[in-house]
Amino acid sequence: WLIGFSLGGNFMLRVAASVFGDPHSPAWVGSWNSTLFALEQRATMLCDLPQLYDEVGSGDPDKLQDYVYTLVNGEGRQRGTKELRMRTTMGWRTVLLSTGERELADDTAATGAQARVISLPVLGFGALDGGQIDQLVRDCADHHGALGRSWLQWLVDLSDADRSELRDAYKDCALTLRKQAEARGDRIAQRQAGFFAAMQVVEMQLHTLWGLGQAEGATVEAAF
C-alpha cells in the first residue's frame, strides 16, 4: 500500500496509472468520494490490477479507515438478498496508490492500518517545470499500457530458476530492511519491511530491463 501526498501527487498518480491504463480515464483514477459498495465494485472490476485514488481529502474521514481495511483485506462485505439468501461476496487482490494533503493512516490510526499504509512525501518532479510535466503526462497517456504489458510478459516468461532467484532476492531484501527497522526500534517499519522488499526487487528488475529507478533498489531502500 502506498500513499503519496503534497506537491506533484496528482501528476505522479497519472504517470503511475499509465503503466496499465489511460491516466485520464476515471476507470483508472478514481475518487475517495464514493460509497463502500462502489469501492468494492471497482476493486472487483480491476481485480489483480492496481487501484489509484486521487485526493484523500475528498472522502469521508470517519469512513476512510474502514475503506482501507476492506480494500486491503481483498473481500467485500457479506450481504443478503430479499429472498434471505447470501449474495456472492466480491473479492480481489490489489495494491492501492492514493494522493492527498494528509496521510491516509496517521499516528492516530489503528496499528493495523498504519502497518498496511506506506506514507511517502512527494516533493514534485525535480527540475522539471510545469510545461515539461504536462508533456510527460501526455507522453504517458499516448503510450498507456505498454509498460504494463511488457512487465507482465516478462513475468510470464520467467523460468523456474529465475523465479527462485527472485524469491531469494526478496528474502535477502526483507531481512536487511527488517534489521534496519529493528535497529531504530520502529515496529511499524518492521511489519512493512516485506512490502518495501517487494518494491525493491521490482525496482532492481526495472532498472536492469529498462533503466528505470536505481541499481540495487536504492530508491526504495532510501524511502524505507
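Because the structure is a prediction, the values reported are computed rather than measured.

Peer 1: Sorry if this is basic, but what is going on with a negative patch on the surface here?
Peer 2: Together, Asp-160, Asp-162, Glu-165, Asp-168 and Asp-172 line one region of the surface with negative charge. Position of Asp-168 among the secondary structure elements: in helix α7 (residues 160-183).

Peer 1: Explain the confidence of the model for the protein to me, please; I cannot follow it from the model alone.
Peer 2: Low pLDDT marks regions whose predicted coordinates should not be analysed in detail. For the protein, mean pLDDT is 87; residues scoring 70 or higher make up 92% of the total. Mean pLDDT in the protein bottoms out at strand β1 (residues 2-5), which sits at 54, and peaks at α7, which reaches 97.

Peer 1: Is there a simple way to explain the pattern of salt bridges in this structure?
Peer 2: Going through the model one piece at a time under the given rule, you end up with 2 salt bridges. Close ionic contact of Arg-93 with Asp-48 constitutes a salt bridge, the shortest N to O distance being 2.9 Å. One end of the pair, Arg-93, is in the loop between α3 (64-73) and β4 (96-100); the other, Asp-48, is in the loop between α2 (36-46) and β3 (51-54), with 45 residues separating them in the sequence. On the basis of relative accessible area, Arg-93 is assigned to the exposed category, the value being 62%. One salt bridge connects Arg-184 with Asp-186, and the closest N-O pair in it is separated by 3.9 Å. Overall, the relative accessible area of 43% leaves Arg-184 in the partly exposed class.

The rules behind each value
Residues numbered from 1 in each chain as written. Predicted model: local features only at pLDDT ≥ 70, side-chain atom pairs only at ≥ 80, totals over all residues. Heavy atoms only, no water. Patch = residues over 30% accessible without salt bridge, like charges linked within 9 Å, V, L, I, M, F, W, Y side chains within 5 Å. Areas by Shrake-Rupley, 256 points an atom, 1.4 Å probe, with all protein chains shown as cover. Salt bridge = Lys/Arg side-chain N within 4 Å of Asp/Glu carboxyl O. Lys, Arg positive; Asp, Glu negative; His and termini not counted. Charge placed at Lys NZ, Arg CZ, Asp CG, Glu CD. Helix = DSSP H or I, 4+ residues; strand = E, 2+ residues; numbered from the N terminus. pLDDT = per-residue confidence, 0-100. Buried < 20%, exposed > 50% of the residue type's maximum accessible area, 1.4 Å probe, protein only.

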